[in-house]
Amino acid sequence: MEHWIYLQLLLDYGCIKTRQVIENIKDISSVSMMSDRELLKLGVPKSRVEKRSAVTLDKACEIYKQCVDNKILVIPYNHKNYPQKLKAMDNPPLVLYGVGNIPDFDNRLCIAVVGPREISEYGSRAAFSLSARLALSGALVISGGAVGGDFYAHNGAMSVSQPTVNVTGGGLLSGYLKKNKLLRKDILMGGGFLITEFVPDYVPKAKNSFFLRNRVIAGLSDAVAVIEAPEKSGTLITAHLALEQGKEVYALVEGGAPIQYAGCRGLLQDGAKPLTTPKELLADFPNYKVDFKRLDSISSKQMKNLYEEFLDKQKAIVVSAAKKKTQRKTAKSPRNWTRRSPSRSR
C-alpha cells in the first residue's frame, strides 16, 4: 500500500503521465529506490523528479498508518476493489481512499446527478426526485457532496432508503465542506460511501482540486445528469469531462429560458441528450439490471410528500443548530452582575 501512496505523492494528483508510468512499472516496491534517471525513463515528469526530495517512503507509511488508525479504506490501482471504470481514464487516480460500504461500481449502473451550489426551487425538486427514482430502480446515484444540487441529489437517493456515493474534493479528515458534515454522516448511516483520491488531511488549495474531483465523478459514472447550470457553472466541468470520456450526458432544460439553464442548453449543442424522464434515461443502458416496476412504484404525490418531509427535516435541523449556537454564546458571555455600593456602618 505505502509504495502506491509514495508513487501518488511523487506524481501528484491528475498527472497526465500516470497511464504511461503505470504501464512501465514492473515492481511497485522498487520505485522509491530508483535514481532520477530511472524515474524519468519510467515516465515521471522532470518537474516531479526535481521535487522528489519532498517525497519519502516514510511519509507514505505515515499516511497509510493514519488511514488504518481512522478506519479509512486504501484502494491502490492494483487492488481488487479498484473500479475498472476509472482505469479507462488517461490519468486515473493511483490510490483511492474511502469510508463506508464500497459498492460494486463496475457491475452496477452508476449515474452522477449534479447541479450548481446556487440552485432554484425547481432545480432542487428535480435533483431530489430524479435521484430518488433512479435509486429506486437500482441505479447508484453519485455526486460531489457540495451544497446546492449535489445536496439534493444525495438526499433524494436516501429518501427512498438507498445508498449514495459522495466523491469528495478534499481529504476525508480535512474538515472539507463543514457545512455538509451532517450530509456525509447521513450518507454513511444510510449504507453509502465516501470516496476521494486525496490523502486524508488534504485541504483543497485551488479550483484545480474540484476539477480533479469532477473527473473522478465522471469516471465512475456511466452517465451524468446535469440538473441546472448557468453559462459559466462549475457543474459543466463534470459534464464536459464525461463527454470527453465517451460517457452519456443528459441536461435538463426547464420551460422558458431562465439564466440557470444557459449551460444546459449549451450542453445539448455539444452532444448531450435532453433529460426527460428517468425511464427514458435508464432505457439507454440495457446491459444493466434495472427494476422498472420499483421505478413506477412511487406516485408523483408520494414524491411530493417525500420532498416536503425532507424540507421540514432540514428546517428543523437549522432551527436546532441556531438554538444550540445561541445557548453556547449565552454560556460563554459574562454574567451581568449589578455592582452595589458598600453599605456604611452606623
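None of the values given here were measured: they were computed from a predicted structure.

Trainee: Tell me about the overall build of the protein chain, and please be specific about residues and values.
Mentor: The helix and strand tally for the protein chain stands at 15 helices and nine strands. In terms of its C-alpha atoms, the protein chain occupies a principal-axis envelope of roughly 95 × 65 × 35 Å. Buried residues in the protein chain amount to 49% of all 346 residues. Taking all contacts inside the protein chain whose residues are at least 6 apart in sequence as the whole, residues at least 24 apart take part in 73%. With an accessible surface of roughly 18400 Å², the protein chain has 52% of that area assigned to carbon and sulfur atoms. Taking the average place of the 51 positive charges on the side chains of the protein chain and the average place of its 33 negative ones, the gap between the two points comes to 12 Å.

Trainee: Outline empty space enclosed by the protein, listing residues and values.
Mentor: For the structure on display, the rule yields two cavities of 30 Å³ or more. A volume near 40 Å³ is recorded for the largest cavity. In terms of lining residues, the largest cavity is bounded by Gln-8, Asp-12, Tyr-13, Gly-14, Thr-18, Pro-92, Pro-93, Leu-94 and Glu-197. Of the voids in this model, the second largest cavity is the one considered here, and its volume is about 30 Å³.

Trainee: Which residues make up the sheet that holds strand β9 (residues 273-274), and what values do they have?
Mentor: Spatially, nine strands are ordered β1-β2-β6-β5-β4-β3-β7-β8-β9 in an open sheet, and the strand pairing comes out mixed. Edge positions in the open sheet fall to β1 (73-76) and β9, since each of these has one partner strand only. In the packing of helix α7 (residues 121-137) onto the sheet, the strands contacted are β3 (110-114), β4 (140-143) and β7 (223-226), and the crossing angle to β3 comes to about 170 degrees.

Trainee: If you had to explain the pairing of β7 to someone new, which residues and values would you point to?
Mentor: Residues in a regular strand project their side chains so that they alternate between the two faces of the sheet. Along β7, one buried face is formed by Ala-223 and Ala-225 and the opposite face, lined by Val-224 and Val-226, is buried too. Across four bridges, β7 lies against strand β8 (residues 248-251) in parallel orientation. Each bridged residue has a counterpart across the sheet, and for Ala-225 the counterpart in β8 is Tyr-250. For the handedness criterion, the β-α-β arrangement of β7, helix α11 (residues 235-244) and β8 is classed as right-handed.

Trainee: How would you explain the pattern of salt bridges if you had to name every residue and give the values?
Mentor: Here the structure, examined in full by the defined rule, presents eight salt bridges. Between Glu-248 and Lys-273 there is a salt bridge, with the nearest N and O atoms lying 3.7 Å from each other. Note that Glu-248 is positioned in strand β8 and Lys-273 in strand β9, a separation of 25 residues in sequence. The class for Glu-248 is partly exposed, based on a relative accessible area of 29%.

What counts and what doesn't
- Residues numbered from 1 in each chain as written.
- Predicted model: local features only at pLDDT ≥ 70, side-chain atom pairs only at ≥ 80, totals over all residues.
- Heavy atoms only, no water.
- Helix = DSSP H or I, 4+ residues; strand = E, 2+ residues; numbered from the N terminus.
- Buried < 20%, exposed > 50% of the residue type's maximum accessible area, 1.4 Å probe, protein only.
- Contact = heavy atoms within 4.5 Å.
- Areas by Shrake-Rupley, 256 points an atom, 1.4 Å probe, with all protein chains shown as cover.
- Lys, Arg positive; Asp, Glu negative; His and termini not counted.
- Charge placed at Lys NZ, Arg CZ, Asp CG, Glu CD.
- 1 Å grid on protein atoms, 1.4 Å probe; cavity = no way out; pocket = protein on both sides within 12 Å on 5 of 7 lines; lining within 4 Å.
- Points joined across faces, edges and corners; volume = space filled by probe spheres on them.
- Pairing = 2+ DSSP bridges.
- Axes fitted to C-alpha atoms, helices over the stretch in contact; angles between N-to-C directions.
- Right-handed = clockwise from strand over helix to strand, strands pointing away.
- Salt bridge = Lys/Arg side-chain N within 4 Å of Asp/Glu carboxyl O.

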